[in-house]
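Summary of the model geometry
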Amino acid sequence: MALPFLNAAILIAASLFLGAALSRVSARTPLPLGALLLLSGFAISEVLVAAGLDTGFRWFHFRDLVFNVLVPILIFDTAYRLDLGKLREAGWLIGFASGPILLASLAAMAVLLFIAFDHPTGFPLITALAAAALFAAVDPSETQALMVEHKASNQIGIALQGESVMSDVLAVSLFTVFVYGMQSASGYLYSGVLGFTVALLVGAALGFVFGFLGRWLVLPCKGVEARAVGALAVAFAGYLFVEYLTSGSGIVATLICARLLRPHDLEDVEACASILAAAGWSAKVILFVIAGTTITTFMFTEQWLAMLIAIAIVVMLRLVLALVSIGCANLFASDKHSWRDGFTFALGGGRGAIALALALSVPLEFEAWYTLQSMTYGVVIASLIVQPLILRVWLARLA
């Protein structure tokens with residue numbers, strides 16, 4: 001059953017209006033826009049439910065809209081705007097934080113969650129691995145302005161941007177593998193690792209195909225608007241083709257398309273990026289509002305312990321990842337970072353849009369789907385409300 005067009009149009013229009021209105025409010029409060037959108041979506045849904053109104057939205061409607069439309073736009077926008085020249089300055093830190101150290105922290109997170117829940121049948125190890133993948137995606141967008149305001153280390157801000165893109169791709173890819181594992185009765189380890197490898201390789205190969213095709217079709221177009229929208233359209237077509245007609249990863253294909261479809265001229269890149277930023281902002285606003293409408297009071301009354309466990313483990317391992325990554329990067333990089341930079345790096349990387357998107361895509365037939373979503377919402381809410389406040393105090397002390 002498809003999402004009714006009229007309902008979808010109303011949802012999108014209302015979300016964008018709410019985002020525009022709350023952006024003015026967020027400028028006058030310590031709460032970021034994402035937090036205000038989540039809380040507003042929750043409040044609106046509670047009012048509608050109390051009034052006995054049925055909007056016609058169901059979980060599977062949200063999943064299709066989020067995973068097939070919003071996620072590709074978010075990944076493309078973030079990857080397109082990355083300046084690889086600046087990323088090289090923090091290359092070692094990005095490499096460790098989104099590579100081996102991240103994988104090690106995810107393994108530790110899965111083990112700690114499995115032990116903490118102590119329910120091998122209701123919350124098996126494969127579910128713990130899926131939960132860890134949910135929390136792999138880092139979103140520094142809500143803390144970037146704060147870091148600029150307090151003149152935090154420029155390299156730390158750059159490293160957070162690079163880590164965000166890499167961790168998003170890894171999170172979506174790993175989550176897909178672990179969801180497949182929860183659906184498989186046997187032979188999971190071999191087929192999962194093989195499937196993950198094939199997905200990355202196929203996605204990368206077809207990403208290059210669509211990227212070069214887009215360069216031939218889009219870059220010669222006259223007008224910045226045509227080049228920006230055309231690039232997004234090619235990448236979106238590549239995502240759908242790879243995701244649904246092959247065994248590849250549509251996210252990887254989108255990432256590569258975004259890099260190949262950048263114009264040669266720096267002014268063109270900046271002009272196109274400003275147009276695409278509007279699409280990325282719109283996708284994020286819609287996603288936060290949707291997530292807010294799916295939050296229920298039962299999550300806080302029935303799943304509060306699961307939320308607290310997830311928050312504690314995610315925060316602890318984020319700090320460990322940041323400090324270990326800083327230490328490893330200092331062994332190779334010419335510019336050294338202090339332990340204070342490690343705390344800034346830890347506080348600057350919260351969980352946001354991609355984590356919510358993955359939580360909304362958890363199949364409802366899994367026994368622990370409600371627990372996974374509740375845990376994710378708890379971590380994201382803490383990241384959006386508590387983490388920026390702590391970061392503000394921390395940066396003020398460093399100034």
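Residues numbered from 1 in each chain as written. Predicted model: local features only at pLDDT ≥ 70, side-chain atom pairs only at ≥ 80, totals over all residues. Heavy atoms only, no water.

A word on the packing of helix α16 (residues 339-348) against helix α18 (residues 369-398)
In a packed pair of helices, the relevant descriptors are the angle between the two axes and the axis-to-axis distance. In contact at an axis separation of 9 Å, α16 and α18 are set at 155° when each is read in the N-to-C sense. Considering their axes alone, α16 and α18 lie roughly antiparallel with respect to each other. The way α16 lies across α18 gives a crossing that is left-handed. Here α16 contributes Trp339, Arg340, Phe343, Thr344, Ala346, Leu347 and Gly348 to the contact with α18, which in turn contributes Gln387, Ile390, Leu391, Trp394, Leu395 and Leu398. (Axes fitted to C-alpha atoms, helices over the stretch in contact; angles between N-to-C directions. Helix = DSSP H or I, 4+ residues; strand = E, 2+ residues; numbered from the N terminus. Parallel < 35°, antiparallel > 145°, perpendicular 65-115°, else oblique. Left-handed = near helix turned anticlockwise from the far one by under 90°. Contact = heavy atoms within 4.5 Å.)

Things to note about the packing of aromatic side chains
Counted under the stated rule, the structure contains 11 aromatic pairs. An angle of 20° between the planes, with centres 4.2 Å apart, marks the rings of Phe117 and Phe123 as stacked. The exposure class of Phe123 is buried, given its relative accessible area of 4%. Through a chain of ring-to-ring contacts, the aromatic side chains of Trp92, Phe96 and Phe332 assemble into a single cluster. We note Arg262 situated over the ring of Tyr80; from NZ or CZ to the ring centre the distance is 5.9 Å. Between Arg318 and the ring centre of Phe345, over which it is positioned, the NZ or CZ distance is 4.9 Å. (Phe/Tyr/Trp six-rings, centres within 6.5 Å; stacked < 30°, edge-to-face > 60°. Buried < 20%, exposed > 50% of the residue type's maximum accessible area, 1.4 Å probe, protein only. Lys NZ or Arg CZ within 6 Å of the ring centre and 35° of its normal.)

So, the confidence of the model for the chain
Do not read the predicted coordinates in detail wherever pLDDT is low. Per-residue pLDDT for the chain has a mean of 86; in total, 93% of the residues score no lower than 70. For the chain, helix α4 (residues 84-87) is the element with the lowest average pLDDT, namely 78, and helix α15 (residues 304-330) is the one with the highest, namely 95. (pLDDT = per-residue confidence, 0-100.)

Brief notes about the side chain of Ser249
Position of Ser249 relative to the elements: it lies in the loop between α11 (224-245) and α12 (250-260). Apart from the residues lying within four places of it in its own chain, the contact partners of Ser249 are Ser173, Ala199, Gly203, Val242 and Glu243.

Quick notes on a nonpolar patch on the surface
A contiguous nonpolar surface patch, about 290 Å² in accessible area, is contributed by Leu112, Met316, Val320 and Val324. In this structure, Met316 sits in helix α15. (Patch = residues over 30% accessible without salt bridge, like charges linked within 9 Å, V, L, I, M, F, W, Y side chains within 5 Å. Areas by Shrake-Rupley, 256 points an atom, 1.4 Å probe, with all protein chains shown as cover. Salt bridge = Lys/Arg side-chain N within 4 Å of Asp/Glu carboxyl O.)

Structural notes on the side chain of Ser361
For Ser361, the location among the structural elements is in the loop between α17 (353-360) and α18. A relative accessible area of 3% places Ser361 in the buried class. In this structure the side chain of Ser361 is engaged in a polar contact, spanning 2.8 Å, whose partner is the backbone oxygen of Leu358. Not counting residues within four places of it along the chain, the set of residues in contact with Ser361 comprises Arg63, Phe67 and Phe175. (Polar contact = N/O pair within 3.5 Å; in protein donor to acceptor, adjacent residues only side chain to side chain.)

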